[in-house]
Amino acid sequence: MSISFEELMLQSGIPEAQNIPWAGQLKLADPIVPFPHQISGTNLLCGDFERCALYDQTGTGKTLPIQSAALYRVGSGHKVVGLMPPSLLTQFYCSFHDTFIGLSEFVKVEIFKGTTGQRKKMVERWDQTGLPDILLMTYGLFRGSGKFPGASAMLKSFGYNLLICDEAQALRTSSSAIHKKVYNYVGGKKDDAGKFGLILSTGTPSHTHLEQNYGLIRLVTPRAYGSKSEYERLHVIRNHGSPFKEITGYDNYDVMTMNLYARARRVEKKDVAKDMPDKLHTIIPVTLSTAHMNLYNQLLNERMLELDGKFIDAVQDQALRQIALRLVSCPQDFSDSKITNEMEASLLGWLDTIDLQRTKVLVFIHFNDTASRLMELLAEYRPALINGMVTNKDKPIHRFLHEETCRIMIAHPLSAGAGLNLQSVCSDVMFYECPDSPGDLVQAEDRVHRITGTKDTVNVYFLSAENTWAAKKIRQVYVKDEIINRVVGDKVALLHDLFG
């Protein structure tokens with residue numbers, strides 16, 4: 001039997017919800033039963049802090065507390081803006097209406113999108129129909145770019161006084177334009193209670209490096225540090241004898257943890273769903289062919305290759321690394337001669353071990369040329385593709401979830417690594433190319449490892465080209481996560497079953 005929004009809020013320790021006229025009429029869809037951690041998360045987001053954050057592990061179900069907090073704030077007289085990546089807008093909007101039956105009778109939710117002209121017409125329509133209670137949009141539209149100043153000034157003039165930022169790792173860089181927009185919108189260091197509110201949600205608050213923690217701490221607890229320089233003096237150890245002053249370590253982890261969670265919390269999947277299936281990692285070593293390895297070593301030694309009479313120059317270290325990684329996956333793009341690609345052979349051999357009648361497969365890549373090559377190589381499986389070249393991501397997502405003939409999705413972690421729920425059709429994941437960031441890795445693999453709907457053990461595989469940067473990259477992600485975890489505090493670190 002479904003419960004009302006009022007009952008949910010009472011369970012969450014928010015008796016003030018009884019003053020909302022429609023709280024007793026709005027129902028949660030049957031058979032949704034909130035988990036205890038979702039109830040306590042709702043309490044945090046609806047409590048005394050005007051700025052707070054939910055850093056629960058990816059796949060634990062943060063959407064229900066976020067949406068409940070948005071509804072409570074609307075019922076308390078606020079106007080709410082929800083910021084998120086483009087791929088989440090439609091899903092978030094639909095889940096809102098699927099979770100709360102009859103929502104549109106009491107609360108007006110809209111997505112702000114389209115061309116400049118289309119958005120202008122939406123604003124003109126609001127003059128007649130009234131402003132939406134909850135307005136969803138992308139970070140990019142809020143921030144603006146070039147001649148377009150972004151929507152933030154307009155929203156403030158309309159009285160929108162609560163920002164909810166989903167996948168808030170987008171705000172981790174304090175010098176970025178979007179961070180500055182959000183920081184200034186909610187009052188900067190003023191942190192004035194009652195004027196502007198801010199809710200952050202991400203499963204990866206320390207996404208790549210610990211120095212990025214400053215960005216989220218600054219937004220939620222703006223007086224924790226006087227400046228980024230103060231944060232770095234306290235926590236970041238640099239090699240000052242080097243012209244680049246590289247980071248060599250970190251310090252005062254306990255203080256960083258205290259400030260990260262001062263107005264935030266984190267729960268882990270195994271704490272809230274003890275019986276959920278495991279997630280297992282496996283490295284598949286790949287020995288490149290002699291010709292392939294010779295080409296790779298030539299690039300490293302000479303930092304230059306010749307192809308069709310033109311030279312590929314990789315003098316700078318970063319350029320060298322990127323070209324070397326591309327060469328591991330797609331040697332045919334760097335040689336006039338035919339080269340046997342053992343990476344592709346290993347992928348096909350692995351696919352032969354998967355029962356593709358039982359499950360679908362998710363293959364993550366990084367480079368666009370790798371994606372194009374695998375689309376050709378795996379054409380018999382009618383693969384769906386999501387990466388930066390695909391503008392409409394809803395169509396390939398629908399194909400992968402609902403078309404029986406589509407057995408594989410090829411995806412970039414940044415395009416398909418947040419908000420997608422693919423666990424109903426997939427339990428096998430392959431990283432053909434490993435991400436640099438622990439946050440990108442966990443966001444990607446947890447598309448199929450979630451507290452609801454995951455029925456089978458999730459198997460995550462890495463193709464590892466021996467004696468190349470591609471192999472080193474996998475361990476580097478583990479090392480980065482080990483450092484991050486000293487602050488985040490998860491009981492089980494990412495890739496512990498490989499290197500722990």
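Residues numbered from 1 in each chain as written. Predicted model: local features only at pLDDT ≥ 70, side-chain atom pairs only at ≥ 80, totals over all residues. Heavy atoms only, no water.

Engineer: Please clarify how the layout of surface pockets should be interpreted in this entry.
Structural biologist: If you roll a probe as big as a water molecule over the atoms, it shows you where there is empty space left. Considering only enclosed or pocket space, the largest pocket measures out at about 1,200 Å³ in volume. In this structure, the largest pocket is lined by 41 residues; those nearest its centre are Thr63, Gln91, Ser95, Gly419 and Asn421. Secondary structure elements with two or more residues in the lining of the largest pocket: α3 (63-75), α4 (89-99) and α18 (394-402). Here the element with the most residues in the lining of the largest pocket is α4; it accounts for seven residues. Of the residues assigned to the lining of the largest pocket, the class counts are twelve nonpolar, 22 polar and seven charged. Taken as a whole, the second largest pocket spans an internal volume of roughly 720 Å³. Elements with a contribution of two residues or more to the lining of the second largest pocket: α4, α18, α19 (413-416) and α20 (438-445). (1 Å grid on protein atoms, 1.4 Å probe; cavity = no way out; pocket = protein on both sides within 12 Å on 5 of 7 lines; lining within 4 Å. Points joined across faces, edges and corners; volume = space filled by probe spheres on them. Helix = DSSP H or I, 4+ residues; strand = E, 2+ residues; numbered from the N terminus. Nonpolar A, V, L, I, M, F, W, Y, C, P; charged D, E, K, R; others polar.)

Engineer: Which parts of the structure should I look at to understand the pattern of salt bridges?
Structural biologist: By the definition in use, this model includes 20 salt bridges. Among the salt bridges present, the one from Glu403 reaches Arg399, with a minimum N-O distance of 3.3 Å. With relative accessibility at 29%, the residue Glu403 sits in the partly exposed group. Salt bridges sharing common partners tie together Lys269, Lys279, Glu445 and Asp446. (Salt bridge = Lys/Arg side-chain N within 4 Å of Asp/Glu carboxyl O. Buried < 20%, exposed > 50% of the residue type's maximum accessible area, 1.4 Å probe, protein only.)

Engineer: Even after reading the chapter, I still don't get the packing of helix α2 (residues 36-45) against α3, so can you show me in this structure?
Structural biologist: How two helices sit against one another is set out by the angle between their axes and by the gap between those axes. For the pair α2 and α3, the least separation of the axes is 9 Å and the interaxial angle reads 40 degrees. Taken as axis vectors, α2 and α3 run oblique relative to one another. Between α2 and α3 the crossing geometry is right-handed. Residues Gln38, Gly41, Thr42 and Leu45 of α2 lie in contact with α3, whose contacting residues are Leu64, Pro65, Ile66, Ser68, Ala69 and Arg73. Of the residues belonging to the contact of α2 with α3, the class tally is five nonpolar, four polar and one charged. (Axes fitted to C-alpha atoms, helices over the stretch in contact; angles between N-to-C directions. Parallel < 35°, antiparallel > 145°, perpendicular 65-115°, else oblique. Left-handed = near helix turned anticlockwise from the far one by under 90°. Contact = heavy atoms within 4.5 Å.)

Engineer: Which parts of the structure should I look at to understand the packing of helix α12 (residues 253-260) against helix α21 (residues 469-488)?
Structural biologist: Orientation of α12 relative to α21, taken along the N-to-C sense of each, is 65 degrees, at an axis distance of 8 Å. Two secondary-structure elements touch here, α12 through Tyr253, Met256, Thr257 and Leu260 and α21 through Ile483, Arg486 and Val487. Residues belonging to the contact of α12 with α21 are distributed by class as follows: five nonpolar, one polar and one charged.

Engineer: Please clarify how the sheet that holds strand β2 (residues 51-54) should be interpreted in this entry.
Structural biologist: Sheet strands pair by backbone hydrogen bonding; their relative direction is either parallel or antiparallel. Strands sit in the order β5-β6-β3-β7-β8-β2-β11 across an open sheet of seven strands; the sheet is parallel. Both outer strands of the open sheet, β5 (109-111) and β11 (264-265), are each paired with one neighbouring strand and no more. Pairing geometry for strand β7 (residues 162-166) and strand β8 (residues 197-201), over five bridges, is parallel. Bridging from a neighbouring strand, Cys165 pairs with Leu200 of β8. Set on the sheet, α3 makes contact with β2, β3 (80-84), β6 (134-138), β7 and β8; between it and β7 the angle comes to about 170 degrees. (Pairing = 2+ DSSP bridges.)

Engineer: Any chance you could explain the environment of His179 here in plain terms?
Structural biologist: By the element assignment, His179 lies in helix α9 (residues 177-185). Expressed as a C-alpha distance, the spacing of His179 and Asp254, which sit 75 residues apart in the sequence, is 25 Å. What His179 contacts, discounting residues up to four positions off in sequence, is Leu171, Thr173, Ser174, Gly215, Arg218 and Leu219.

Engineer: Help me understand empty space enclosed by the protein, please; the structure alone is not making it clear to me.
Structural biologist: A complete count under the given rule lists two cavities of 30 Å³ or more for this structure. Roughly 80 Å³ of volume is contained in the largest cavity. Mapped by element, the contributors of at least two residues to the lining of the largest cavity are α15 (317-329) and α21. Per element, the largest residue contribution to the lining of the largest cavity is three residues, and it comes from α15. When its volume is computed, the second largest cavity comes out at roughly 40 Å³. Broken down by secondary-structure element, the contributors of at least two residues to the lining of the second largest cavity are α3, β3, α4 and β6.

Engineer: How should I be thinking about the sheet that holds strand β15 (residues 360-364) in this particular structure?
Structural biologist: As summarised here, the arrangement of the six strands in space is β12-β19-β18-β15-β17-β16, forming an open sheet in which the pairing is parallel. Looking at the sheet topology across the chains shown, the edges are occupied by β12 (279-286) and β16 (384-386). For this sheet the average axis-to-axis angle between neighbouring strands, irrespective of direction, equals 20 degrees. Inspection of the sheet shows β15 paired to strand β17 (residues 408-411) by four bridges, in the parallel sense. In the strand pairing of β17, Phe364 is matched with Ala411.

Engineer: Explain the nonpolar core to me, please; I cannot follow it from the model alone.
Structural biologist: Soluble, globular proteins show a tendency: their nonpolar side chains are buried together. Formed by 45 residues in total, the largest nonpolar core has its most connected members in Met137, Cys165, Leu171, Val182 and Leu200. The biggest single contributor to this core is helix α10 (residues 213-220), with five residues. Apart from the residues within four sequence positions on either side, Leu200 is in contact with Cys52, Ala53, Leu54, Tyr55, Cys165, Ala168, Leu171, Leu216, Leu219 and Val220. Core analysis: the next-biggest nonpolar cluster, separate from the first, contains 40 residues, Ala17, Ile20, Ile39 and Leu162 among them. (Core = buried A, V, L, I, M, F, W, Y, C linked by side-chain atoms within 4.5 Å.)

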